[in-house]
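Next come the chains, spelled out residue by residue.
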Amino acid sequence: MVGVELDMVVKDSLKALELYENIFDIKRVEVSNLPRGENEVVFTLYDVRFHMLDENPEFHLVAPSPEDPKTSWVNVSVPDIKETYQKAMDAGCTEVQAVTDLMDYGVSNAIFMDPFGYVWMLHQVHKEVSHEERLQLWEEEKKKK
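Just so it is clear, the model here is predicted, and its values are computed rather than measured.

Conventions used here
- Residues numbered from 1 in each chain as written.
- Predicted model: local features only at pLDDT ≥ 70, side-chain atom pairs only at ≥ 80, totals over all residues.
- Heavy atoms only, no water.
- Pairing = 2+ DSSP bridges.
- Helix = DSSP H or I, 4+ residues; strand = E, 2+ residues; numbered from the N terminus.
- Axes fitted to C-alpha atoms, helices over the stretch in contact; angles between N-to-C directions.
- Phe/Tyr/Trp six-rings, centres within 6.5 Å; stacked < 30°, edge-to-face > 60°.
- Buried < 20%, exposed > 50% of the residue type's maximum accessible area, 1.4 Å probe, protein only.
- Salt bridge = Lys/Arg side-chain N within 4 Å of Asp/Glu carboxyl O.

Teacher, can you tell me more about the sheet that holds strand β2 (residues 26-31) here?
Strand-to-strand pairing in sheets goes through backbone hydrogen bonds, with the strands running parallel or antiparallel. Here we have four strands laid out as an open sheet, ordered β1-β4-β3-β2, and mixed in their pairing. Taken across any chain shown, the strands that pair with only one partner, and hence form the sheet edges, are β1 (5-10) and β2. This sheet shows a mean twist of 25 degrees between the axes of neighbouring strands, independent of strand direction. Bridge analysis of β1 against strand β4 (residues 48-54) gives six bridges, and the strand direction is parallel. Across the sheet, Leu6 pairs through a bridge with Phe50, a residue of β4.

Would you take a moment to explain the packing of aromatic side chains for this structure?
One pair of aromatic rings is described through two measures. These are the centre distance and the angle between the planes. Counting across every chain of the model gives seven aromatic pairs. Ring centres 5.0 Å apart and planes at 55 degrees place the aromatic pair Tyr20 and Trp120 in the tilted group. Taken together, the residues Tyr20 in helix α1 (residues 13-23) and Trp120 in strand β8 (residues 119-125) connect sequence positions 100 residues apart. Residue Tyr20 is classed as buried on the basis of its relative accessible area, which comes to 1%. On the accessibility criterion, Trp120 (1% relative accessible area) is buried. A connected cluster of aromatic rings, assembled from ring pairs, spans Tyr20, Phe24, Phe43, Phe50, Tyr85, Phe112 and Trp120.

Looking at this model, I keep getting lost on the pattern of salt bridges. Mind explaining?
As a working rule, side chains carrying opposite charge can pair if their charged atoms are close by. The tally for this structure, following the rule as stated, stands at five salt bridges. The closest approach of N and O atoms between Lys11 and Glu55, which form a salt bridge, is 2.8 Å. One end of the pair, Lys11, is in the loop between β1 and α1; the other, Glu55, is in the loop between β4 and β5 (73-77), and 44 residues separate them in sequence. For Glu83, the salt bridge identified is with Lys87, shortest N-O distance 3.5 Å. Placement of the pair is Glu83 and Lys87 together in helix α2 (residues 81-90), with a separation of four residues, close to one helical turn. Under the relative-accessibility criterion, Lys87 is labelled partly exposed at 33%.

Structure (structure tokens):
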């Protein structure tokens, strides 16, 4: 088998799975039910495979935290950004950037941090804007400054 998966270390993968299932349409692949520190969860989100492991310093698996987040994030394009973002807020996530409409670029986006220290960016595409058009818009905005 070949493929790519995103791996994440969290304090408690079973609690993280529960949180993500409240926000996104998650499909479980494998979920263990072992003592905390030994669990792992595999799920897919829009056909992308994620593998979460419980924090276990003995195996050098150290989770980020809200006080010490890491500089990577998961970017998810969703069908309804306001609904998804509200689910995240209702589930105890922290707002980093509220839903922001960038209609010239054809998108809305938002950013939140989950209680496990991971940052998630949401996108909703309202209309296709080519790479060239986006570059032109960017250059025009720079000239205005």
